[in-house]
Amino acid sequence: MEQIIEQYGEYLYHFSYLYVKDIQLAEEITQDVLIKFLIHKEDFRKDASLKTYLTRIAINCCHDELRKQKRKKLLAKLLPIRKNEPSSEQAYLVTESFTTLKDSVFALPVHYREVIVLFYYEEFEVAEIADLLNISQNTVRTRIRRAKELLKNNQELEAAFYDGI
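*Asks:* Describe in detail the packing of helix α1 (residues 2–20) against helix α2 (residues 23–39), supporting the description with residues and values.
*Replies:* One way to put it is that α1 packs onto α2 with a least axis distance of 8 Å and a crossing angle of 135 degrees. In terms of orientation, α1 lies oblique with respect to α2. α1 and α2 meet at a crossing whose hand is right-handed. Judged by residue contacts, I4, I5, G9, L12, Y13, S16, Y17 and V20 of α1 engage I23, L25, A26, E27, I29, T30, V33, L34 and F37 from α2. When grouped by side-chain class, the residues that make up the contact of α1 with α2 number 13 nonpolar, three polar and one charged.

*Asks:* Please give an account of helix α6 (residues 110–121) that cites residues and values.
*Replies:* Along α6, the positions that sit buried rather than exposed are Y112, R113, E114, V115, I116, V117 and L118. Just beyond α6, the residue with positive phi is E123, at close to 60 degrees.

*Asks:* For a negative patch on the surface, give the residues involved together with the corresponding values.
*Replies:* The grouping of D22, E27, E28 and D32 at the surface amounts to a negative patch. By relative accessible area, E27 is classed as partly exposed at 40%.

*Asks:* Give a detailed account of the pattern of salt bridges, specifying residues and quantitative values.
*Replies:* What the rule picks out here adds up to five salt bridges. When the shortest N-O distance is used, the salt bridge between E114 and R143 registers 3.7 Å. Here the residue E114 occupies a position in helix α6, and R143 occupies one in helix α8 (residues 137–164), the gap between them amounting to 29 residues. You can call E114 buried: its relative accessible area is 5%. For the salt bridge of E149 with R145, the shortest nitrogen-to-oxygen distance reads 3.4 Å. With E149 and R145 both in helix α8, this residue pair falls four residues apart, about one helical turn. Judged by its relative accessible area of 44%, R145 falls in the partly exposed class.

*Asks:* Account for α2, with residues named and values stated.
*Replies:* Since the α-helix turns once every 3.6 residues, residues separated by three or four places project in the same direction. Helix length check: α2, at 17 residues, gives a terminal C-alpha distance of 24 Å against a target of 24 Å (1.5 Å per residue), a fit within 8%. Turning to α2, its buried residues are L25, A26, I29, T30, V33, L34 and F37. The arc that holds the buried residues of α2, viewed along the axis, is 170 degrees, so those residues lie on one side. Projecting away from the buried face of α2 at angles above 90 degrees are the exposed residues Q24, Q31 and I39.

*Asks:* Describe the environment of L108, with residues and values.
*Replies:* Mapped onto the fold, L108 is located in the loop between α5 (101–107) and α6. Along the chain, L108 and L151 lie 43 residues apart, while their C-alpha atoms are 8.1 Å from each other. L108 has contacts with R113, I116, A147, L150 and L151, leaving out every residue within four places of it along the chain.

Scoring rules and cut-offs
Residues numbered from 1 in each chain as written. Predicted model: local features only at pLDDT ≥ 70, side-chain atom pairs only at ≥ 80, totals over all residues. Heavy atoms only, no water. Axes fitted to C-alpha atoms, helices over the stretch in contact; angles between N-to-C directions. Helix = DSSP H or I, 4+ residues; strand = E, 2+ residues; numbered from the N terminus. Parallel < 35°, antiparallel > 145°, perpendicular 65-115°, else oblique. Left-handed = near helix turned anticlockwise from the far one by under 90°. Contact = heavy atoms within 4.5 Å. Nonpolar A, V, L, I, M, F, W, Y, C, P; charged D, E, K, R; others polar. Buried < 20%, exposed > 50% of the residue type's maximum accessible area, 1.4 Å probe, protein only. Patch = residues over 30% accessible without salt bridge, like charges linked within 9 Å, V, L, I, M, F, W, Y side chains within 5 Å. Areas by Shrake-Rupley, 256 points an atom, 1.4 Å probe, with all protein chains shown as cover. Salt bridge = Lys/Arg side-chain N within 4 Å of Asp/Glu carboxyl O. Lys, Arg positive; Asp, Glu negative; His and termini not counted. Charge placed at Lys NZ, Arg CZ, Asp CG, Glu CD. Expected span 1.5 Å × (residues − 1). Arc of directions from axis to C-beta.

Put into structure tokens, the structure is as follows:
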């Protein structure tokens, strides 16, 4: 297990961070993935590489966490809670969004972000991504193309904004 942690721990952390955009959540997800693998390692049939198997577990954990966050936001809207004024730090973070490519990737919807991360950052092939996400290869290619278009449009808007200043 130590060898697996050493070999894949940092990869899983970075992968999770690209999904959930939160350092602490990424750390928790990485730990969850490794614990789930430890508990269920006999289920690993070796049909794919260990990296692919761990990535699939990480994707599932990230999706679960994103669903939890979505439910929390929905509950916060439904339950009237006294809202405080945003702090200056929060206001600064909001105004500084979309300033780098990383931020633009983070802003993509999950189904686009995951294919971009897997294809460009993790260098998986289209067929591997299709297997990981249980979708067709054409769907993967379409999502990559649409995500690139969204990123390109975002960069053009940004450039126009800075040209106008």
